[in-house]
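# Overview (structure and organization)
Residue strings, one per chain:
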Amino acid sequence: MTTDHAAFLELLRAQKVWDIELPAFTPEAAPPEPLPLFHSWFAEAVAAGQPEPHTMALATVDENGHPDVRTVMLHDADAEGWHFATHATSAKGRQLAALPQAALHFYWPAQGRQIRVRGRVTTAPHTEALADLHARSTGALAAALVGHQSEVLANGYGELEAASGSAWERARAEPDADAPTWTLYVLAPEEVEFFQGDGRRRHVRLKYRTQSGSWITELLWP
């Protein structure tokens, strides 16, 4: 073991996990469907000061069966499912076109909570994607107008700066501009797990899963 590696391990093992008072979670009182509980936990995460509670990890699989994961933004969570957006031409867009199954993961350490969602992904009509995009910031529209997501930036960072500058000008001048490849995706949940951390590692894991068109719940060992 090198000195640098030993220092890294010492630093790593010195980190605390949930060095706070964690909320209680009584699974017997949980609603019969996962969406109301997600809405409730999200509001509680915001109230607890959790930074960026609307960000989540999105996991997909490529054409070779290799897993891929990245952080994206939640755009909605309703009766249809969990919504997120990206370019259809991006790596994740291509992966979802080939295999429309995905998983989402939220981690809110301010309360020692995680939520995992798995299910099939569909695309919303382009009109809905544009309405969602135009309801967001000028920066969001500008980023969508730049495009080329996941492509190799062959001519250096200056090429991105130039493209971004032009996109910002257009976004300000045309707040209703179209971004043809911008796509709104909806993950219809088949499984949703709510994880409440416990300081003594007696974590509560409540799993919802669909069966014959209805939700059933079960507790999992930590």
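Up top is the structure.
Residues numbered from 1 in each chain as written. Predicted model: local features only at pLDDT ≥ 70, side-chain atom pairs only at ≥ 80, totals over all residues. Heavy atoms only, no water.

### Observations regarding the packing of aromatic side chains
Enumeration according to the criterion identifies 12 aromatic pairs in this entry. Consider the rings of Phe38 and Trp82, whose centres lie 5.2 Å apart with planes at 75°: the pair is edge-to-face. In this pair, Phe38 is assigned in helix H2 (residues 34-47) and Trp82 in strand S4 (residues 81-87), connecting sequence segments 44 residues apart. On the basis of relative accessibility, which here comes to 1%, the residue Trp82 falls in the buried class. Among the aromatic residues, ring-to-ring pairing joins Phe25, Trp41, Phe194, Tyr208 and Trp215 into one connected group. The ring of Trp41 carries Arg113 above its face, with NZ or CZ at 4.0 Å from the centroid. (Phe/Tyr/Trp six-rings, centres within 6.5 Å; stacked < 30°, edge-to-face > 60°. Helix = DSSP H or I, 4+ residues; strand = E, 2+ residues; numbered from the N terminus. Buried < 20%, exposed > 50% of the residue type's maximum accessible area, 1.4 Å probe, protein only. Lys NZ or Arg CZ within 6 Å of the ring centre and 35° of its normal.)

### A look at the nonpolar core
Within the largest apolar cluster, 28 residues are counted, with the highest numbers of intra-cluster contacts made by Leu37, Phe38, Trp82, Phe84, Phe106, Ile115 and Phe194. Looking at this core, the elements that each hand over two or more residues are H2, strand S1 (55-61), S4, strand S5 (101-108), strand S6 (113-123), strand S7 (182-196) and strand S8 (204-211). Considering each element in turn, this core owes the most residues, five residues, to H2. For Ile115, the contacting residues outside a window of four places in its chain are Phe38, Trp41, Leu104, His105, Phe106, Trp108, Val192, Glu193 and Phe194. Formed by 16 residues, the second largest nonpolar core is a distinct cluster that contains Ala129, Leu141, Ala142 and Leu184. (Core = buried A, V, L, I, M, F, W, Y, C linked by side-chain atoms within 4.5 Å. Contact = heavy atoms within 4.5 Å.)

### Some words on the pattern of salt bridges
Tallying each qualifying case throughout the model produces nine salt bridges. In this structure, Arg70 engages Asp68 in a salt bridge whose closest nitrogen and oxygen atoms are separated by 3.3 Å. What makes Arg70 buried here is its relative accessible area of 17%. Between Lys207 and Glu191 there is a salt bridge; the shortest N-O distance is 3.7 Å. Of this pair, Lys207 sits in strand S8 while Glu191 sits in strand S7, placing them 16 residues apart in sequence. In this structure Glu191 comes out as partly exposed when scored by relative accessible area, which is 24%. Put simply, Arg116, Glu193 and Arg205 are held in one network by salt bridges that share partners. (Salt bridge = Lys/Arg side-chain N within 4 Å of Asp/Glu carboxyl O.)

### Details of the layout of surface pockets
When its volume is computed, the largest pocket comes out at roughly 630 Å³. Taken together, 26 residues make up the lining of the largest pocket; nearest its centre are His87, Ala143, Val146, Gly147 and Gln149. Elements represented by at least two residues in the lining of the largest pocket include exactly strand S2 (67-73), S4, helix H5 (138-146) and helix H6 (157-173). Top element by residues in the lining of the largest pocket is H5. It accounts for four residues. Of the residues that constitute the lining of the largest pocket, the class distribution is 13 nonpolar, nine polar and four charged. Ala59, Thr60, Val61, Pro67, Leu99, Gln101, Ala102, Ala103, Arg118, Gly119, Glu190 and Glu191 are the residues that line the second largest pocket. Of all the secondary-structure elements, those providing two or more residues to the lining of the second largest pocket are S1, S5, S6 and S7. (1 Å grid on protein atoms, 1.4 Å probe; cavity = no way out; pocket = protein on both sides within 12 Å on 5 of 7 lines; lining within 4 Å. Points joined across faces, edges and corners; volume = space filled by probe spheres on them. Nonpolar A, V, L, I, M, F, W, Y, C, P; charged D, E, K, R; others polar.)

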